[in-house]
Amino acid sequence: MNGVQKLKEIRRIVKEELKHIPRGDEAQNMLRMIYWNARLNSLGKKPKFKNKEECLKYAIKVVQETYPGFNPQYDKEFFELDNTGDSK
């Protein structure tokens with residue numbers, strides 16, 4: 001698989017996962033955006049995160065720095081977080 005095909009496959013995977021993080025207000029959409037970038041990284045050559053759960057925890061943490069009362073909406077069965085996702 002060449003680089004372009006691999007990138008297309010990675011984007012397809014992340015796009016499917018985003019179906020489990022609904023759109024919403026500004027904070028919720030920020031969560032989706034940060035998750036997208038973190039997850040792309042996690043599937044690349046030099047990953048900063050191990051899996052989709054680590055990416056989501058990171059995204060929640062970043063959004064909560066700007067929106068302290070943010071209550072993230074996501075499919076809790078799809079993302080198996082060991083807690084509410086408030087911290088990494």
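**Student:** How should I be thinking about the overall build of the chain in this particular structure?
**Tutor:** What the chain contains, in helices and strands, is three helices and zero strands. In the chain, the succession of α and β elements from N to C terminus is α-α-α. Referenced to the eigenvectors of the C-alpha coordinate spread, the extents of the chain come out at roughly 45 × 25 × 25 Å. Looking at the chain as a whole, 36% of its 88 residues are labelled buried. Restricting to contacts in the chain with at least 6 residues of sequence separation, those with at least 24 account for 59%. Total accessible area computed for the chain in this model is approximately 5,900 Å², and 50% of it derives from carbon and sulfur atoms. If you average the places of the 18 positive and of the 13 negative side-chain charges in the chain, the two averages end up 9 Å apart.

**Student:** What exactly am I supposed to notice about the packing of helix 2 (residues 26–42) against helix 3 (residues 52–66) here?
**Tutor:** The axes of two packed helices give the description: the angle between them and the distance between them. Relative orientation of the contacting elements helix 2 and helix 3 amounts to 140°, with a least axis distance of 8 Å. It follows that helix 2 is oblique to helix 3 by the angle criterion. Considering only the axes of helix 2 and helix 3, their crossing is right-handed. Packed against helix 2, whose contacting residues are Ala-27, Met-30, Leu-31, Ile-34, Tyr-35, Ala-38, Arg-39 and Ser-42, the element helix 3 presents Lys-52, Cys-55, Leu-56, Tyr-58, Ala-59, Ile-60, Val-62, Val-63 and Thr-66 at the interface. A class-by-class count of the residues in the contact of helix 2 with helix 3 yields 13 nonpolar, two polar and two charged.

**Student:** Where do I start with helix 2 in this structure?
**Tutor:** Note that an α-helix has 3.6 residues per turn; residues three or four places apart therefore point the same way. Counted at 1.5 Å a residue, the expected span for helix 2 with its 17 residues is 24 Å, and the 24 Å between its end C-alpha atoms agrees. All buried positions along helix 2 are accounted for by Ala-27, Gln-28, Leu-31, Arg-32, Ile-34, Tyr-35, Ala-38, Arg-39 and Ser-42. Structurally, helix 2 contributes buried residues whose contacts are with helix 1 (3–18) and helix 3.

**Student:** Teacher, can you tell me more about the environment of Asn-2 here?
**Tutor:** Structurally, Asn-2 is set in the segment before helix 1. Classification of Asn-2 by relative accessible area gives partly exposed; the value is 43%. Counting along the chain gives 37 residues from Asn-2 to Arg-39, while the straight-line C-alpha distance between them is 20 Å.

**Student:** When you look at the confidence of the model for the chain in this model, what are you seeing that I'm missing?
**Tutor:** Note: predicted coordinates in regions of low pLDDT should not be interpreted at a detailed level. Looking at the chain, the pLDDT average stands at 92 and 92% of residues meet or exceed 70. In the predicted structure, residues 84–88 sits below a pLDDT of 50 and forms 11 contacts with residues beyond four places in sequence or in another chain.

**Student:** Could you clarify how one ought to interpret the side chain of Gln-28 in this entry?
**Tutor:** Within the secondary structure, Gln-28 is located in helix 2. Using a relative accessible area of 3% as the deciding quantity, one classes Gln-28 as buried. Of the polar contacts made by the side chain of Gln-28, one reaches the backbone oxygen of Pro-22; its length is 2.9 Å. If we ignore the near neighbours within four places in the chain, the residues touching Gln-28 are Ile-21, Pro-22, Arg-23, Phe-70, Pro-72 and Gln-73.

Definitions and limits used
Residues numbered from 1 in each chain as written. Predicted model: local features only at pLDDT ≥ 70, side-chain atom pairs only at ≥ 80, totals over all residues. Heavy atoms only, no water. Helix = DSSP H or I, 4+ residues; strand = E, 2+ residues; numbered from the N terminus. Buried < 20%, exposed > 50% of the residue type's maximum accessible area, 1.4 Å probe, protein only. Contact = heavy atoms within 4.5 Å. Areas by Shrake-Rupley, 256 points an atom, 1.4 Å probe, with all protein chains shown as cover. Lys, Arg positive; Asp, Glu negative; His and termini not counted. Charge placed at Lys NZ, Arg CZ, Asp CG, Glu CD. Axes fitted to C-alpha atoms, helices over the stretch in contact; angles between N-to-C directions. Parallel < 35°, antiparallel > 145°, perpendicular 65-115°, else oblique. Left-handed = near helix turned anticlockwise from the far one by under 90°. Nonpolar A, V, L, I, M, F, W, Y, C, P; charged D, E, K, R; others polar. Expected span 1.5 Å × (residues − 1). pLDDT = per-residue confidence, 0-100. Polar contact = N/O pair within 3.5 Å; in protein donor to acceptor, adjacent residues only side chain to side chain.

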